[in-house]
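Fold and contact review
The residues making up each chain are set out below.
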Amino acid sequence: MILNCDQPLPLLRHTEVPPRVIENFILTGYRFPNYSLRNCLLSAFRPTNETGNFWTHFLPVFVFSYYFVDVFGWEGAPPPDAPFFYPLWNYFIGVFCLLIASSMAHLLNSMSLVVREVCFFVDYGTISAYTVGSSLAYYYYIHPRAGIVETGGHNSSHMDLNHEPAESFFSSYAIPDFSVFFDTLYIPCACAVAIFCVLSCCNTRHRWRKHRYVIRTFVFLLPFLVSSTPVFYRLLTRSPYSTTSSSFAASTSMPSLFYRHCLWLLVSAIFNISKFPERLAPGRFDIWGHSHQWFHCCTFLSIIDELHMIKTEVRAILLSPTLLLPPATLSRLPGPTIATTYGVMLLLQTTIISIIVWFSWCANSIYGPERDQLAKEQIKKRLKCH
């Protein structure tokens, strides 16, 4: 191969790159295995088989942020730094890290084989952190007792159509057996499942590679099922709000948004497993339109619907006369604190980083010699240019 020193590094075919780099049914557009950081950044503006993967998760960062900050301008909303919004900020952190890590993984993975492994380890870690960020938002805004304040008296504004005090309904779960799970086990289970997902997905880069896409897709089905239990509960039981209240009206769109969220996740899983459309015409969708780009688009659409779903429940709580704004009020559900939101995410991230460091060390021991050999060959080619 002739290296032109005055031009960008050439794009290669699948037969010219290490087997580790090859994606199924993608034949061209591969970047040189030892790109510099500068070359990687410049490749974002050059058509390669990773360009679309980068932009389909980098641009959504700004779209998500635009819709996210809208909630702070609502009438009656507390300040953005109020404890009430701690879970929402943790959800934002989870989504932000997911989108940034994914886009950067696709942009920087051609620096070396070791860097490639580390990039996608981080990607898996942020996906798991995102699921816990979602769980925190669900816990404090869609939890069966979210926003419900326990009071001693009976206020007529809290009466339902049968003149039954609302507090008598909120004092127990519609399905009592779930009380221990929601109050004690829900967040720990979400964290444990997230850690399991990181371990499993990182392992697929060394084992079970033939079925890696199927394994990763189904592995992340588990945190979805666990984190969504408050939503499932709400869909299977009556609304915590009186049918005549503005809170009930605000939350009526929650089911449809959740169903749409699930639909986009299902479509994204189909793209990720099937490798459609490049499977039908290998080489035709190498640069634009291959399955991973559609996978990114669908996952982001699912996140947007999830955000709107959470916002409808936030609005419902803000409109509720029993608004939870700790520590001013006593609630059946303890209000969000720094320890139970940011503290949980910090502990989780520390654990995930430890896992990533371990797998990165293993990857370096496996691919380090190959990386060094490629670096030596690159130096020789550069010397020939002078």
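Our structure's up above, just so we're on the same page.
Everything in this summary refers to the structure shown in the same document. What you see is a predicted model; the values in this text were computed from it and never measured.

A few words now on helix α2 (residues 51–68). With 18 residues, α2 ought to run about 26 Å at 1.5 Å a step, and its terminal C-alpha atoms sit 26 Å apart, in line with that. At V61, α2 shows its largest bend, some 25°. Elements that come into contact with the buried residues of α2 comprise α3 (86–108) and α12 (291–319).

Let us now look at the packing of aromatic side chains. In total, this model carries 33 aromatic pairs according to the counting rule given. With a centroid separation of 6.4 Å and an interplanar angle of 55°, the aromatic rings of F258 and Y259 are classed as tilted. Assessed through its relative accessible area of 1%, F258 is described here as buried. Connected via pairs of aromatic rings, a cluster forms that spans F64, F68, F72, F84, F85, W89, Y91, F92, F96, Y130 and Y141.

The next subject is a nonpolar patch on the surface. Nonpolar side chains collect at one region of the surface, where V214, F218, L221, L225 and I273 lie side by side and expose about 400 Å² of accessible area between them. Listing elements by their share of the nonpolar patch, those giving two or more residues are α7 (212–219) and α8 (221–227). Tracing the sequence through the fold places L221 in helix α8. For L221, a relative accessible area of 38% corresponds to the partly exposed category.

Here we take up the environment of S65. With respect to the secondary-structure elements, S65 resides in helix α2. The class of S65 is partly exposed, set by a relative accessible area of 21%. The sequence separation of S65 and V95 amounts to 30 residues, and the corresponding C-alpha distance is 9.7 Å. One polar contact links the side chain of S65 to the main-chain carbonyl oxygen of V61, over a distance of 2.8 Å.

Structurally, the position occupied by T229 is in helix α9 (residues 229–236). Judged by its relative accessible area of 19%, T229 is buried. Along the sequence, T229 and Y186 sit 43 residues apart, while their C-alpha atoms lie 8.6 Å from each other. When residues no more than four places from it in sequence are discounted, the contact partners of T229 are F181, F182 and Y186.

Attention now moves to unusual backbone geometry. In this structure, the amide linkage connecting F276 to the following residue, P277, adopts the cis form with an omega of 15°. By the element assignment, P277 lies in the loop between α11 (254–274) and α12. Unusually for a residue other than glycine, F25 sits at a positive phi of about 70°. Tracing the sequence through the fold places F25 in the segment before α1 (37–42). Even without being a glycine, K275 presents a positive backbone phi close to 55°. Position of K275 relative to the elements: it lies in the loop between α11 and α12. According to the relative accessible area criterion, K275 is buried, its value standing at 5%.

What counts, and where the lines are drawn
- Residues numbered from 1 in each chain as written.
- Predicted model: local features only at pLDDT ≥ 70, side-chain atom pairs only at ≥ 80, totals over all residues.
- Heavy atoms only, no water.
- Helix = DSSP H or I, 4+ residues; strand = E, 2+ residues; numbered from the N terminus.
- Expected span 1.5 Å × (residues − 1).
- Bend = angle between axes of the 7 residues up to and from the residue.
- Contact = heavy atoms within 4.5 Å.
- Phe/Tyr/Trp six-rings, centres within 6.5 Å; stacked < 30°, edge-to-face > 60°.
- Buried < 20%, exposed > 50% of the residue type's maximum accessible area, 1.4 Å probe, protein only.
- Patch = residues over 30% accessible without salt bridge, like charges linked within 9 Å, V, L, I, M, F, W, Y side chains within 5 Å.
- Areas by Shrake-Rupley, 256 points an atom, 1.4 Å probe, with all protein chains shown as cover.
- Salt bridge = Lys/Arg side-chain N within 4 Å of Asp/Glu carboxyl O.
- Polar contact = N/O pair within 3.5 Å; in protein donor to acceptor, adjacent residues only side chain to side chain.

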